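A closer look at the structure
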Amino acid sequence: MADRQIGLGTLVKVDENDDGSSHTTCTLVMSVNPPGRAYENVDVSAIDDTLMTYVPGQEQHSEFTFRQQWDPGDTQHESIDTLFGAKTVVEWQVVYCGTGVATDEFEGYVSALSPEQITANAKIERTVTIQRKGAITRT
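Bear in mind that the values here come from a model prediction, so they are computed numbers and not experimental data.

Structural notes on the environment of Gly 20
- Assignment of secondary structure puts Gly 20 in the loop between strand E1 (11–14) and strand E2 (24–25).
- Once you skip the residues sitting within four places of it in the chain, Gly 20 turns out to touch Asp 15 and Glu 91.

Side note on the packing of aromatic side chains
- On inspection of all chains with the given rule, the structure shows three aromatic pairs.
- With centroids separated by 5.7 Å and ring planes inclined at 40°, the aromatic side chains of Phe 64 and Phe 66 adopt a geometry described as tilted.
- Judged by relative accessible area, Phe 66 falls into the buried class, the value being 1%.
- With a centroid separation of 6.3 Å and an interplanar angle of 50°, the aromatic rings of Phe 66 and Trp 92 are classed as tilted. Here Trp 92 lies in strand E7 (residues 90–96) and Phe 66 lies in strand E6 (residues 63–69), a separation of 26 residues in the sequence.

Here's the deal with the environment of Thr 127
- Its location among the elements puts Thr 127 in strand E9 (residues 125–132).
- Distance in space between the C-alpha atoms of Thr 127 and Pro 35 is 14 Å, their sequence separation being 92 residues.
- If we ignore the near neighbours within four places in the chain, the residues touching Thr 127 are Thr 65, Phe 66, Arg 67, Ala 112, Leu 113, Ser 114 and Glu 116.
- A distance of 3.0 Å separates a polar atom in the side chain of Thr 127 from a polar atom in the side chain of Glu 116.

Considering helix H1 (residues 75–86)
- Relative to the 16 Å expected for 12 residues at 1.5 Å per residue, H1 spans 16 Å between its end C-alpha atoms, a close match to the ideal helical length.
- The elements touched by buried residues of H1 are E1, E2, E6, E7, strand E8 (102–115) and E9.
- N-capping of H1 is provided by Asp 74, with a side-chain oxygen placed 2.9 Å from the backbone N of Gln 76.
- Trailing H1 by a residue or two, Lys 87 shows a phi angle of about 55°, which is positive.

Focus: the pattern of salt bridges
- According to the stated counting rule, one finds five salt bridges in the structure shown.
- Among the salt bridges present, the one from Arg 126 reaches Asp 81, with a minimum N-O distance of 2.6 Å. Of the two residues, Arg 126 is situated in strand E9 and Asp 81 in helix H1; the sequence distance between them amounts to 45 residues.
- Residue Arg 126 is classed as buried on the basis of its relative accessible area of 1%.
- Between Arg 138 and Asp 104 there is a salt bridge whose closest N-O contact spans 2.6 Å. Of this pair, Arg 138 sits in strand E10 (residues 137–138) while Asp 104 is found in strand E8, placing the two residues 34 residues apart along the sequence.
- For Asp 104, a relative accessible area of 5% corresponds to the buried category.

Digging into the side chain of Gln 93
- Mapped onto the secondary structure, Gln 93 falls in strand E7.
- Side chain to side chain, Gln 93 and Glu 105 meet in a polar contact 2.5 Å long.

Concerning the nonpolar core
- Cys 26, Phe 64, Phe 66, Trp 92, Phe 106, Val 110 and Ile 130 are the most contacted members of the largest nonpolar core, which has 15 residues in total.
- Those elements that place two or more of their residues in this core are E1, E6, H1, E7, E8 and E9.
- For this core, the leading source of residues is E7, giving three residues.
- Apart from the residues lying within four places of it in its own chain, the contact partners of Ile 130 are Glu 63, Phe 64, Trp 92, Phe 106, Gly 108, Tyr 109 and Val 110.

Thresholds applied
Residues numbered from 1 in each chain as written. Predicted model: local features only at pLDDT ≥ 70, side-chain atom pairs only at ≥ 80, totals over all residues. Heavy atoms only, no water. Helix = DSSP H or I, 4+ residues; strand = E, 2+ residues; numbered from the N terminus. Contact = heavy atoms within 4.5 Å. Phe/Tyr/Trp six-rings, centres within 6.5 Å; stacked < 30°, edge-to-face > 60°. Buried < 20%, exposed > 50% of the residue type's maximum accessible area, 1.4 Å probe, protein only. Polar contact = N/O pair within 3.5 Å; in protein donor to acceptor, adjacent residues only side chain to side chain. Expected span 1.5 Å × (residues − 1). Salt bridge = Lys/Arg side-chain N within 4 Å of Asp/Glu carboxyl O. Core = buried A, V, L, I, M, F, W, Y, C linked by side-chain atoms within 4.5 Å.

Here is the structure:
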């Protein structure tokens, strides 16, 4: 039986300067919601079929989000803000931990920076949303 995997150690990385080789690890990430994958179902049913029939069409759009303890003065956090302001499409990676380390890599842009409610005795957090602009490659 395969080992059960846990999220501890999962990393989010971004190629901030879009050079294709240097990926910076996003700091203070609390949780990750990787981009989903689904095909559009194309109806190919004929009028004399007794069961509707579909074939896979184009892959549907998906987004990637992660929750982060936000430090407005942190250089890496400011870099994400800069990517948002510039609407820059860059490469993102989700590096899964565990015995069989896998990496999902895709291009996307920061479409939303959503601060959470700020209270006196809690960490300042935000959710970062990335719109996927290309296929996901798993290595």
